[in-house]
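The primary structure of each chain is shown beneath.
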Amino acid sequence: MKFYLLSDNVDTLMGMRLAGIDGIVIHTEEEVRSHLRDVMQRTDVAVVLMTHTLVKLCPELIMDYKLNMRQPLIVEIPDRHGNGRTSDSITKYVRDAIGVKLDQ
């Protein structure tokens, strides 16, 4: 099982490729919908990383996949402009799931 990146900029993709993560650079809502649909059908991908900017293009679709698909996991990551922690970061999931606040 592997990671796959959907990014809106080349810098993030190049950084992830250095870590061994493959992906694609896309920019429009139609591209996000098309590529995400394709990636969600792949059996070899366990985690889909998406930049914050792309998630903002179609949040209802992302939430639908998160709620109704067991795999792959979709994780929103900040883009190179540093949008800060995303509203659905891992620490929020931990806090909501088990009631433990993680210090940052």
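Since the structure is predicted, the reported quantities are computational estimates derived from the model, not experimental observations.

Before going further, it helps to spend a moment on the environment of Glu29. As for its placement among the helices and strands, Glu29 is situated in helix α2 (residues 29–41). Judged by its relative accessible area of 31%, Glu29 is partly exposed. In this structure, the C-alpha to C-alpha distance between Glu29 and Lys56, residues 27 residues apart in sequence, is 9.2 Å.

Applying the stated rule across the entire model yields five salt bridges. For Glu60, the salt bridge identified is with Arg33, shortest N-O distance 2.6 Å. In this pair, Glu60 is assigned in helix α4 (residues 59–68) and Arg33 in helix α2, connecting sequence segments 27 residues apart. Glu60 gets classed as partly exposed once you look at its relative accessible area, which sits at 48%.

With respect to the secondary-structure elements, Asn9 resides in the loop between β1 (2–7) and α1 (10–18). On the basis of relative accessibility, which here comes to 7%, the residue Asn9 falls in the buried class.

Cut-off values and rules
- Residues numbered from 1 in each chain as written.
- Predicted model: local features only at pLDDT ≥ 70, side-chain atom pairs only at ≥ 80, totals over all residues.
- Heavy atoms only, no water.
- Helix = DSSP H or I, 4+ residues; strand = E, 2+ residues; numbered from the N terminus.
- Buried < 20%, exposed > 50% of the residue type's maximum accessible area, 1.4 Å probe, protein only.
- Salt bridge = Lys/Arg side-chain N within 4 Å of Asp/Glu carboxyl O.

Any functional reading would require information that these geometric values do not contain.
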